[in-house]
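Descriptive analysis of the structure
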Amino acid sequence: MKRSTCFHEKGPSAKCGVSGISYMLAFGALEILLSQFPNLEKVTFLSVIATLTSLAYALIALCLSIAKFSIQHEAKGTIMVAMAGEGLATSTKIWRVFQALGNIAFSYTYSMLLLEIQDTLKSPPAENKAMKRVTLYAIGGIALFYTSLGCMGYAAFGADAPGNYLTGFYKPLWLVDIANLAVIIHLIVGYQVFAQTIFAINEKSLATRWQAPGSFFNKIYTVRFQCNQNYSFQFTPSRILLRTGFVVLTTLVAMLFPFFNAILGLLGSISFWPLTVYFPLNMYMVQAKIKRGNSKWIMFQVLSLLCLVVSLVSAVGSVADILEHLKHAQLFHIDL
């Protein structure tokens, strides 16, 4: 938002670098506070906010892309990758295409949340039936919406499309600021939606290891607010230590490697095939008793193999981009 205001006031050629250190530290501090919510069921409102803000900034970006494309009267992008982006080596273009596959894969890596979300549903209707319907609508909507945004963005900017897409727009300033604000809110609450699942798994594991009666780490403490005795805050030392440590660690890693698209592509490539494709497909085949060698089994194996190839090439492209960024990076020096 600060950069957008600077470019709006001084022009697109102005130097408007902004240090990201203070913003990352503030983000980490806020996540430490939010991470003390007990479980995913208690952050349902955060999930709703994340969904609404995601739709808001993506829709604004789509509208701005359509407006920019309509003014240009021609598409800047081309389906011939080797011809796109003047001054870029062909290998760099290919790595970026592979990395983009990882970014797309990350959008569909939600299986680790699926069962946790299903756990919070109430029946009737049956939780699995409700989740199946919701999943169909969600995946269909994501595919349609993000494909439209990706195509229009490429048509508007071509190979010059920025990784942080909204930084390509400076007018109208109020609309760009609303979109950037939506991104901020989405990232703050989206972090918790993903992290709560990790917290639950690790805390359950620790509870079984340190299950001695009166254990300090698992003892529940209650703090009542003086202003209103009806409200209280319950916590365990294990929750505070584990969750705070996790947020501090991820914040430090983010400050060391502030390459958003490359890191996102790598995370997407690592988690997409095993968590979203391989394990769910194999569990379904066991549950449905699909025999090895029949047509459905072959179809699933082909799908799994294709997704494995996507994961591998996107990992290679993301690592190549990270290595390229590291040549020019400075420790704890983040320019937005």
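Because the structure is a prediction, the values reported are computed rather than measured.

1. Focus: the overall build of the protein
- In terms of regular secondary structure, the protein is built from ten helices and two strands.
- Along the chain direction, N to C, the helices and strands of the protein fall in the order α-α-α-α-α-α-α-β-β-α-α-α.
- Scored against the burial criterion, the 336 residues of the protein give a buried share of 30%.
- Contacts in the protein between residues far apart in sequence, at least 24 positions, make up 74% of those at least 6 positions apart.
- In the structure as shown, the protein presents an accessible area of about 21100 Å², 69% of it carried by carbon and sulfur atoms.

2. What about the packing of aromatic side chains?
- Under the definition given, this model contains seven aromatic pairs.
- Ring centres of Tyr278 and Phe279 lie 5.3 Å apart, and the angle between their planes is 75°; on these two criteria the pair is classed as edge-to-face.
- A centroid spacing of 5.9 Å and a plane angle of 85° characterise the contact between Tyr284 and Phe300, whose relative ring orientation is edge-to-face. Placement of the pair is Tyr284 in helix α9 (residues 260-287) and Phe300 in helix α10 (residues 295-326), with a sequence separation of 16 residues.
- Note on Tyr284: relative accessible area 36%, which makes it partly exposed.
- Every member of this aromatic cluster is reached through a ring pair, and the members are Trp273, Tyr278 and Phe279.

3. Digging into the nonpolar core
- By size, the foremost hydrophobic cluster in this structure holds 16 residues, and its most contacted members are Tyr57, Leu64, Leu149, Tyr165 and Phe169.
- Elements represented by at least two residues in this core include exactly α3 (44-72), α6 (127-157) and α7 (173-209).
- Among the elements that line this core, the one with the most residues is α3, at six residues.
- Beyond its immediate stretch of four places on either side in the chain, Phe169 contacts Ser4, Ala61, Leu64, Ser65, Lys68, Phe157 and Val176.
- One finds Leu281, Ile290, Phe300 and Cys307 within the second-largest nonpolar core, a separate group that totals nine residues.

4. Points about the environment of Leu25
- Relative to the elements of secondary structure, Leu25 occurs in helix α2 (residues 21-34).
- According to the relative accessible area criterion, Leu25 is partly exposed, its value standing at 49%.
- C-alpha separation for the pair Leu25 and Met255, spaced 230 residues apart in sequence, amounts to 8.9 Å.

5. Thoughts on the layout of surface pockets
- Within this model, the second largest pocket holds a volume of roughly 1200 Å³.
- Elements with a contribution of two residues or more to the lining of the second largest pocket: α5 (111-119), α6, α7, α9 and α10.
- For the lining of the second largest pocket, the element with the highest residue contribution is α9, accounting for nine residues.
- Broken down by class, the residue content of the lining of the second largest pocket amounts to 18 nonpolar, seven polar and three charged.

Reading guide: rules and limits
- Residues numbered from 1 in each chain as written.
- Predicted model: local features only at pLDDT ≥ 70, side-chain atom pairs only at ≥ 80, totals over all residues.
- Heavy atoms only, no water.
- Helix = DSSP H or I, 4+ residues; strand = E, 2+ residues; numbered from the N terminus.
- Buried < 20%, exposed > 50% of the residue type's maximum accessible area, 1.4 Å probe, protein only.
- Contact = heavy atoms within 4.5 Å.
- Areas by Shrake-Rupley, 256 points an atom, 1.4 Å probe, with all protein chains shown as cover.
- Phe/Tyr/Trp six-rings, centres within 6.5 Å; stacked < 30°, edge-to-face > 60°.
- Core = buried A, V, L, I, M, F, W, Y, C linked by side-chain atoms within 4.5 Å.
- 1 Å grid on protein atoms, 1.4 Å probe; cavity = no way out; pocket = protein on both sides within 12 Å on 5 of 7 lines; lining within 4 Å.
- Points joined across faces, edges and corners; volume = space filled by probe spheres on them.
- Nonpolar A, V, L, I, M, F, W, Y, C, P; charged D, E, K, R; others polar.

Fair warning: the whole summary comes from geometry, so function is off the table for now.
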